[in-house]
Amino acid sequence: MKKYDAQSIRNLCFVSHGGVGKTSLAEALCFTTKGFPRLGKTANGTSTFDHRADEKERRMTISMHPGFCEWKETKINFLDTPGFLDLAGDIHAAVRVVESAVVLVDAASGIQVGTECALRIVSGANLPHLFLINGLDKDGADFEAALSALKEQFKTAIAPVHLPIGKGAGFKGIVDLITLEAFEYAREGSGIGQKIEVPAGLADSIKTHRLALMESVAETDETLMNAYFDKGELSVDELRQGLAAGLARNSLYPVLCASAALNMGTDLLLDAMVQFSPPAASRKEIQALEGQAQKPVACSPAAPMTALVFKTISEEHIGEFNLVRVFSGRLALGTEVQNNTRNISEKPMNLYLLRGHDRTEAGELVAGDIGALLKLKGTHTSDTLADRGQNLLLPPIAFPEPLVSIAIHPKTKGDEDKIGLGLAKLREEDPSFTFKYHPDIRQELISAMGDVHIDMVLDNLKSRFKVEVDRTPPRISYRETVTRSVQYVEYAHKKQTGGAGQYAKVAIDLEPLPRGSGYEFVDKIVGGVIDQPFRPAVDKGARAKMETGILAGYPIVDVRVLLVDGKTHPVDSKDIAFQIAGREVFKLAFEKAGPILLEPIVDLRVTVPDKNTGDVMGDLSSRRGKISGMEPGVSYQTIVAKVPEAEIQNYSQALRSITQGRGFYTKSFSHYDPVPHELARKIIEASKKELKEETE
Ligand SMILES: Nc1nc2c(ncn2[C@@H]2O[C@H](COP(=O)(O)OP(=O)(O)OP(=O)(O)O)[C@@H](O)[C@H]2O)c(=O)[nH]1
Ligand SMILES: [Mg+2]
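Residues numbered from 1 in each chain as written. Chains lettered and ligands numbered in written order. Predicted model: local features only at pLDDT ≥ 70, side-chain atom pairs only at ≥ 80, totals over all residues. Heavy atoms only, no water.

1. What to know about the overall build of the protein chain
Consideration 1: Regarding its fold elements, the protein chain presents 16 helices and 37 strands.
Consideration 2: Viewed in the frame of its principal axes, the protein chain has a C-alpha envelope of about 110 × 60 × 50 Å.
Consideration 3: Relative to its full complement of 696 residues, the protein chain shows a buried share of 55%.
Consideration 4: Put simply, 71% of the contacts in the protein chain that link residues at least 6 apart link residues at least 24 apart.
Consideration 5: If you sum the accessible surface of the protein chain, you get close to 30,100 Å²; carbon and sulfur atoms cover 52% of it.
Consideration 6: Within the protein chain, one finds 83 positive and 92 negative side-chain charges whose respective centroids are separated by 4 Å. (Helix = DSSP H or I, 4+ residues; strand = E, 2+ residues; numbered from the N terminus. Buried < 20%, exposed > 50% of the residue type's maximum accessible area, 1.4 Å probe, protein only. Contact = heavy atoms within 4.5 Å. Areas by Shrake-Rupley, 256 points an atom, 1.4 Å probe, with all protein chains shown as cover. Lys, Arg positive; Asp, Glu negative; His and termini not counted. Charge placed at Lys NZ, Arg CZ, Asp CG, Glu CD.)

This is how it looks when you write it as structure tokens:
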């Protein structure tokens, strides 16, 4: 394959709602540029991209797939991301390593929820993007409606560069609004348009849209604005330069047309990627960390090598691929590199360019390029690879916080280790879920982006690692504390009959502390009534009791223990005796000091369409939530509230049904509050029952 430098490399990601045609587009690009001998289809399982068993079964992309094609002396690398919302972690990874995005909009359905969500991620990363109105051959396709929806949202930043000829079954070609040329495409043909006469019936429409295009382009640049005023129009070159510059600044969004599945409009899209999308060389310096110091990394092939692993993919019978983006220098086959994230060295012996399942061997990757390393020792997603002696770290990929958790229990006793290993392996491929043992609730939790994401993790665990788990809602991480002070609570531990004796007598005061203070132990012994070495044992005993709880088995927090008095026996007093006395006296004091249960309260930020605001607030109130503010956005509102965690365990489902999937939220721990009395009674009762069952 020809060698490309960063100036002739484009890196893009494809994003949209599920099923709009991203993978079909990837197939069309590879077929049109003669990379693939046939046009693969996701609908019948012949796609080289959606090749995994679960992707064929679910008829959707589950793991991001890289691809590339060569067009007009340019290498176009693209990342086909999943549209399913729970799998948006891959979009977060993709936007880190590309210079622009293609946002697909369905010609029949318009801007759908998943497209809105993907756009938020793309915009959040300040990533230039162009829109592709896809599926113009579909029944109900409406280019004008889709374009109007985009204009409503992005105003004059929307620059239509294509106009479809016909729609639905009558869709046959595209007018290029820049050159005023028209092209016709065969259905499922080569993807290369045949030049035709511009249809006379489109004259008015062409005039209107070309005017909109010129105005959008002129608005982004003063020189172009002056040229537009002087001449009354912009030349083809001025339009092209203006589009490229506006896109690079992320202030102009070209809109294109296609039917990906029928391979129509593909050549024009390829032209647009070459002409308008920012080259890899245009990427601004990124700030890496060298120790505590920031160090800029520029896209230069002569600089030392730095690369980011943005995805680990495990392929059955082949091994593990690490997808890498080289940010500077050259990553060469057989040259040892450092993994600075894990402090190990790696020697890449298998370097490939991937197109889904298809592999092409490569000798090296230059700054700006994307490729895949097979069979590294211990490298995974988010790791930095660098030349030896280069100790810098690229910023890791910021995955969103998981929103849904379940507790897992092995179906077969003794499978714990296998489950742990399997989950660790799966997490290397998909860091957007987490799993962890939580000692305070004595449960192993899997947390993920949504219910289906959890299903997928468990399906993989079963099919690849042959282990199954049962699932339950997680216990809530309650806490116990006291509400008033008690003085001089005494306990004596005596065991002085037969064998070695034990003796310890202690007296403590117990006081509540402000929320969040934790625990304090104060030694107030005077006159040495307890020998100095035994006093920490009382503290240790109290701590042990605090860990396991008294009311309902939850950790005790926010208390101060003051050791005020006691007695030592010259022979029988020993450390263990004072630990036992500490534990027991703490229990006695706690029970007298008005114990209560505390529950975790989370900060919730819920963003919903304007029209759902009332319903969502009503629902939050019914969940004992306290709304503390509203932040208005464009056609969306963000509701800020504090809500008990126990009340939002199924919130993702509830919000989805209230907002038809358009709402989304983030949550983070806020503080602990007392549980209302009646509720506390029920929780304590249930916990005692569970604890009893666990110990039986
Ligand atoms: N008629 C028509 N169907 C299309 C077009 N593009 C895609 N499809 C069909 O829509 C279905 C989904 O297409 P994909 O390419 O798998 O969609 P995707 O965006 O990759 O979907 P996810 O991977 O789930 O996000 C398939 O049956 C395609 O054949 C198009 O332009 N016209
Ligand atoms: Mg797909």
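2. Observations regarding the sheet that holds strand β12 (residues 286–290)
Consideration 1: Pairing within the open sheet is antiparallel, and its 3 strands lie in the order β13-β12-β24. Since the sheet does not close on itself, it has two edges, and those belong to β13 (293–297) and β24 (392–393), each with one partner.
Consideration 2: Relative to β24, β12 runs antiparallel, the two being bridged by 2 bridges. Bridge pairing in β24 links Leu289 to Leu393. (Pairing = 2+ DSSP bridges.)

3. Quick notes on the packing of helix α6 (residues 203–219) against helix α8 (residues 236–248)
Consideration 1: The geometry of α6 relative to α8 is characterised by a closest axis approach of 9 Å and an angle of 55° between their N-to-C directions. Taken as axis vectors, α6 and α8 run oblique relative to one another. The chirality of how α6 crosses α8 is left-handed. Contacts between α6 and α8 involve Arg210, Leu213, Met214 and Val217 from the former and Glu238, Leu239, Gly242 and Leu243 from the latter.
Consideration 2: Within the contact of α6 with α8, the residues separate by chemical class into 5 nonpolar, 1 polar and 2 charged. (Axes fitted to C-alpha atoms, helices over the stretch in contact; angles between N-to-C directions. Parallel < 35°, antiparallel > 145°, perpendicular 65-115°, else oblique. Left-handed = near helix turned anticlockwise from the far one by under 90°. Nonpolar A, V, L, I, M, F, W, Y, C, P; charged D, E, K, R; others polar.)

4. A short note on the coordination of the magnesium ion (ligand 2)
Consideration 1: Those donors, Thr23 (OG1) and Thr61 (OG1), are the protein atoms that reach the magnesium ion (ligand 2), and they lie 2.0 Å from it. Of this pair, Thr23 sits in helix α1 (residues 22–32) while Thr61 sits in the loop between α2 (53–58) and β2 (65–71), and the two are 38 residues apart along the sequence. Across the pair, exposure class does not vary: Thr23 and Thr61 are buried alike. (Donors = N, O, S within 2.8 Å, 3.2 Å for Na, K, Ca; no water.)

5. Notes on the packing of helix α12 (residues 535–548) against helix α13 (residues 575–592)
Consideration 1: Remark: α12 packs on α13, axes separated minimally by 7 Å, with the N-to-C direction vectors making an angle of 50°. Taken together, the axes of α12 and α13 are oblique relative to one another. At the point where α12 passes α13, the crossing takes the right-handed sense. In contact with Ala537, Val538, Lys540, Gly541, Ala542, Lys545 and Met546 of α12, α13 contributes Asp575, Phe578, Gln579, Gly582, Arg583, Phe586 and Lys587.
Consideration 2: Partitioning the contact of α12 with α13 into residue classes produces 6 nonpolar, 3 polar and 5 charged.

6. A short note on the side chain of Gln338
Consideration 1: On the secondary structure map, Gln338 appears in strand β17 (residues 337–339).
Consideration 2: Within the structure, the side chain of Gln338 is placed 2.7 Å from the backbone nitrogen of Gly389, a separation counted as a polar contact.
Consideration 3: Side chain to side chain, Gln338 and Asn391 meet in a polar contact 3.2 Å long.
Consideration 4: Leaving out residues up to four positions away in the same chain, Gln338 has contacts with Ile344, Ser345, Thr384, Leu385, Ala386, Asp387, Arg388, Gly389, Gln390 and Asn391. (Polar contact = N/O pair within 3.5 Å; in protein donor to acceptor, adjacent residues only side chain to side chain.)

7. Quick notes on the domain arrangement of the protein chain
Consideration 1: The domain architecture assigned to the protein chain consists of domain 1 (6–280), domain 2 (286–393), domain 3 (404–472), domain 4 (480–593) and domain 5 (600–678).
Consideration 2: Using C-alpha coordinates to define each centre, domain 3 is positioned 27 Å away from domain 5. (Domains from an automatic or database assignment.)

8. Here we look at the pattern of salt bridges
Consideration 1: For the coordinates displayed, the defined rule picks out 42 salt bridges.
Consideration 2: Glu233 is the partner of Arg210 in a salt bridge, and the nearest nitrogen-oxygen pair spans 4.0 Å. One end of the pair, Arg210, is in helix α6; the other, Glu233, is in the loop between α7 (222–231) and α8, and 23 residues separate them in sequence. (Salt bridge = Lys/Arg side-chain N within 4 Å of Asp/Glu carboxyl O.)

9. Some thoughts on the sheet that holds β2
Adjacent strands of a sheet pair through backbone hydrogen bonds, lying either parallel or antiparallel.
Consideration 1: Strand order in the open sheet formed by 7 strands is β2-β3-β1-β4-β5-β11-β6, with mixed pairing between adjacent strands. Single-partner strands in this sheet number two, and they are β2 and β6 (158–160). Shown here is a sheet whose adjacent strand axes are inclined to one another by a mean of 30°, direction ignored.
Consideration 2: Direction of pairing for strand β4 (residues 100–106) relative to strand β5 (residues 129–134): parallel, over a ladder of 6 bridges. Across the sheet, the residue bridging to Val102 is Leu130, located in β5.

10. A look at the packing of aromatic side chains
The description of two aromatic rings rests on the distance between their centres and on the angle between their planes.
Consideration 1: If you walk through the whole model with that rule in mind, you get 12 aromatic pairs.
Consideration 2: Residues Phe154 and Tyr253 carry aromatic rings whose centres are separated by 5.5 Å and whose planes lie at 70° to one another, so their mutual orientation is edge-to-face. Within this pair, whereas Phe154 is found in helix α5 (residues 143–154), its partner Tyr253 is found in strand β11 (residues 253–258), the two being separated by 99 residues in sequence.
Consideration 3: Assessed through its relative accessible area of 10%, Tyr253 is described here as buried.
Consideration 4: Taking 6.2 Å as the distance between ring centres and 75° as the angle between the ring planes, the aromatic pair formed by Phe321 and Tyr352 counts as edge-to-face. One end of the pair, Phe321, is in strand β15 (residues 319–328); the other, Tyr352, is in strand β19 (residues 351–355), and 31 residues separate them in sequence. Taken as a pair, Phe321 and Tyr352 share a single burial class, namely buried.
Consideration 5: Members of the aromatic cluster, connected to one another through ring pairs, are Phe14, Phe36, Phe49 and Phe78. (Phe/Tyr/Trp six-rings, centres within 6.5 Å; stacked < 30°, edge-to-face > 60°.)

11. Quick notes on the environment of Ala258
Consideration 1: Tracing the backbone through its elements, the reader meets Ala258 in strand β11.
Consideration 2: Classification of Ala258 by relative accessible area gives buried; the value is 3%.
Consideration 3: As for Ala258 and Met456, which are separated by 198 residues in sequence, their C-alpha atoms are 32 Å apart.
Consideration 4: Apart from the residues lying within four places of it in its own chain, the contact partners of Ala258 are Leu132, Ile133, Asn134, Gly135, Leu136, Phe171 and Met264.

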